[in-house]
Amino acid sequence: MSVHSSTRTQVAIVGGGPAGLMLSHLLHIAGIESVVVDNRTVEQIETTHRAGILERDSVRLLVDSGASDRVLTDGHEHGGISLRFGGVSHRIDFQKLTGASVWLYPQTEVFVDLHRARTRDGGDLRYGILDTEVTGVLDSPVVTYTDAAGARHEIAADLVVGADGSRSVCRDLVENARQYYREYPFAWFGVMVQAPPSAPELIYTRAAQGFALISQRTDTLQRMYFQCDPNEDPAQWSDDRIWDQLHSRLAGSDGFRLQDGPVLERTVLPFRSFVQSPMRHGRLLLAGDAAHTVPPTGAKGLNLALADVRVLAEVIERAIDKGDGDALDSYTERALSRVWKAQHFSYWMTTMLHRVSGATDFDEQRQLGELQTLISSNAGSTYLAEGYTGWPHH
Ligand code: PHB
C-alpha cells in the first residue's frame, strides 16, 4: 500500500494514555516536537475505569506543568487511609506521619486534562489508528500506521517512545531484555456502584473471606473491589451476590456501615507484577506499563508512569538540545530504582491484605500480627504512609 502522508518529528510517542500525553506535554514545554499515536479512540480511553489515587508529586507535576488545575478543585485531598482487620478500622494519618497527602482523582480525569492541554497547545495527536509498526529503532526510527479511512502514514523521528501500556508492542523490540514476573493466585473484582460514600477516605480491608477495598468517585458513585478468583466471570455475579461479599468482608464491631445500591459496572482486573529491563534499546525508550506493571493494591501504576516520563523528558531534552549522548543511558537506572521500590510496596500491601488459598492458621495469625505491628508502631505506620504518598521526584 502506498504511503499517504509522511511526517518528520523529534519524538514519536506510541500510546496516548496519561504517560504518552504527559511526555508530549513536558517535551512541548521544553520546545521539543512530538507526535502521539494510539490505536484506541479518545472516547474508549475516557470511558475505561482505572485507579484513582495520585501521589503528592504526581499532583504537583500536573499542576506545576499547567496540565491540570482541576485536580485541586475537582479532586479530593485524602490525609490518610483506613486499614480494616478483625472487624475494626484503624486510620493511618499520612498528614501527621509524613506531612503529605494523596488525591483521589481518577485516571480518566487525568487523561481528559492532559488531552485538553495538548489540544490547547496544538499537539499532533492521532487516535483511533490501526496496524502500528515501529522499525529502525537502532538508527532511524519510523512509526507507520493505517488511519480509519485505510490510508497508510509514516512518522520518522529522532527517538521513539513506547508508552503503549501493559500489552505493549514496543516492549518486544528491546533485544535481550530481561523480564521479571510475579503472578498471584487471585484477581480483583471491581464494581462501580450507585450509592453515597461510606467513608471520607479509602478503606483497605483484610477479612477471613479475603481482601476488599472501598474507594470513592463522587457523591453518588462509588468504586469498590474485592479479591476473587482470576477466572471469575463477572456475568455470573448478581448485585445481591456482589453485596453479600462486600458486606461480609466489611462487617465488624465498630459500627461501620457499607452503603450499597445498584451495581452499574463489573469487571475482573488482571493482577501481576512485571518489570522489563532495560527500558531503552537504541533510539527506543519505554515508559509506564509498557515496561512495568504493579498489582493495584496501593495504586502505584499511574504514579510510576508519571515519574518515568518526568525523568524521560529530562534526558530527552539533554540528548536532543544539549547533544548529551550519555543522557539516554541514565534513563533505565533512574527509572528502575523507583520502579523496584514501588514493586516492593505493591507486593507488600498485596500480601499483607490478601488471603491465599491453602493458608494455614499460622499464616493467618502471622498476617494479623503484621497488621497489628503496623498500626501500633509509629515507624510501621510511617513506612506505609511514605510509600503510599510517594517517594519524592528528584
Ligand atoms: C480506585 O479508586 O480505583 C483505587 C484506589 C486505590 C487503589 C486501587 C484503586 O489501591
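In this report, we go over the structure that sits alongside the text. Computed from a predicted structure; not experimentally measured.

**Side note on helix α10 (residues 361–376)**
Step number 1: For α10, spanning 16 residues, the distance from its first C-alpha to its last is 22 Å, which sits close to the expected 22 Å at 1.5 Å a residue.
Step number 2: For α10, the full list of buried residues reads Gln367, Leu371 and Leu374. End-on, the buried residues of α10 take up no more than an arc of 60°, which puts them together on one face. In α10, the exposed positions that point more than 90 degrees away from the buried face belong to Asp361, Phe362, Gln365 and Ser376.

**Here we look at the packing of helix α3 (residues 56–64) against helix α8 (residues 301–321)**
Step number 1: Viewed as axis vectors pointing N to C, α3 and α8 meet at an angle of 55°, and their least axial separation amounts to 10 Å. As far as their axial angle goes, α8 and α3 are oblique. The two elements α3 and α8 cross, and the hand of that crossing is left-handed. Of α8, the residues touching α3 (which contributes Asp57, Ser58 and Leu61) are Asn303, Leu306 and Arg310.
Step number 2: The residue makeup of the contact of α3 with α8, split by class, is two nonpolar, two polar and two charged.

**Structural notes on the site of the ligand**
Step number 1: Every one of the 16 residues lining the ligand counts as a neighbour, but Tyr204, Ser215, Arg217, Tyr225 and Pro296 are closest to it.
Step number 2: Within the contact set of the ligand, an oxygen atom lies 3.1 Å away from a backbone nitrogen or oxygen of Gly298.
Step number 3: In isolation the ligand has 280 Å² of accessible area, and contact with the protein removes 100% of it.
Step number 4: Looking at the shell around the ligand, the elements with two or more residues in it are β15 (210–216) and β16 (221–228).
Step number 5: Across the shell around the ligand, the residue classes tally to nine nonpolar, four polar and three charged.

**A look at the sheet that holds strand β18 (residues 272–277)**
Step number 1: Overall, antiparallel pairing links the three strands, which are arranged β12-β18-β21 in an open sheet. The two strands at the open ends of the sheet, each matched to only one other strand, are β12 (178–183) and β21 (292–293).
Step number 2: Of the strand pairs in this sheet, β18 and β21 are connected by two bridges, and their pairing is antiparallel. Bridge assignment links Phe274 to a residue of β21, and that residue is Thr293.

**Observations concerning the sheet that holds strand β14 (residues 203–207)**
Consider a sheet: its strands pair through backbone hydrogen bonds, and that pairing is either parallel or antiparallel.
Step number 1: Pairing in this open sheet of seven strands is mixed, and the strands run β6-β5-β14-β15-β16-β13-β17 from one edge to the other. Both outer strands of the open sheet, β6 (88–93) and β17 (263–269), are each paired with one neighbouring strand and no more. Sheet twist, expressed as the mean angle between neighbouring strand axes with direction ignored, is 20°.
Step number 2: Where helix α7 (residues 239–250) meets the sheet, it contacts β5 (80–85), β13 (187–194), β14, β15, β16 and β17, and its direction lies at approximately 80° from that of β16.

**What to know about the side chain of Ser68**
Step number 1: By secondary structure assignment, the location of Ser68 is in the loop between α3 and α4 (70–74).
Step number 2: In this structure Ser68 comes out as buried when scored by relative accessible area, which is 4%.
Step number 3: One polar contact links the side chain of Ser68 to the main-chain amide nitrogen of Arg70, over a distance of 3.4 Å.
Step number 4: One polar contact links Ser68 to Asp113, side chain to side chain, over a distance of 2.6 Å.
Step number 5: In contact with Ser68, not counting residues within four places along its chain, are Leu62, Val63, Tyr105 and Asp113.

**Thoughts on the packing of helix α9 (residues 331–353) against helix α11 (residues 378–389)**
Step number 1: At a minimum axis distance of 10 Å, the contact between α9 and α11 shows a crossing angle of 125°. As far as their axial angle goes, α11 and α9 are oblique. Seen along the crossing, α9 lies across α11 with a hand that is left-handed. Taken together, the residues of α11 that come into contact with α9 (itself represented by His344, Phe345, Trp348, Met349 and Met352) are Tyr383, Leu384, Gly387 and Tyr388.
Step number 2: Split into classes, the residues belonging to the contact of α9 with α11 amount to seven nonpolar, two polar and no charged.

The rules we used
Residues numbered from 1 in each chain as written. Predicted model: local features only at pLDDT ≥ 70, side-chain atom pairs only at ≥ 80, totals over all residues. Heavy atoms only, no water. Helix = DSSP H or I, 4+ residues; strand = E, 2+ residues; numbered from the N terminus. Expected span 1.5 Å × (residues − 1). Buried < 20%, exposed > 50% of the residue type's maximum accessible area, 1.4 Å probe, protein only. Arc of directions from axis to C-beta. Axes fitted to C-alpha atoms, helices over the stretch in contact; angles between N-to-C directions. Parallel < 35°, antiparallel > 145°, perpendicular 65-115°, else oblique. Left-handed = near helix turned anticlockwise from the far one by under 90°. Contact = heavy atoms within 4.5 Å. Nonpolar A, V, L, I, M, F, W, Y, C, P; charged D, E, K, R; others polar. Near = heavy atom within 4 Å. Polar contact = N/O pair within 3.5 Å; in protein donor to acceptor, adjacent residues only side chain to side chain. Areas by Shrake-Rupley, 256 points an atom, 1.4 Å probe, with all protein chains shown as cover. Pairing = 2+ DSSP bridges.

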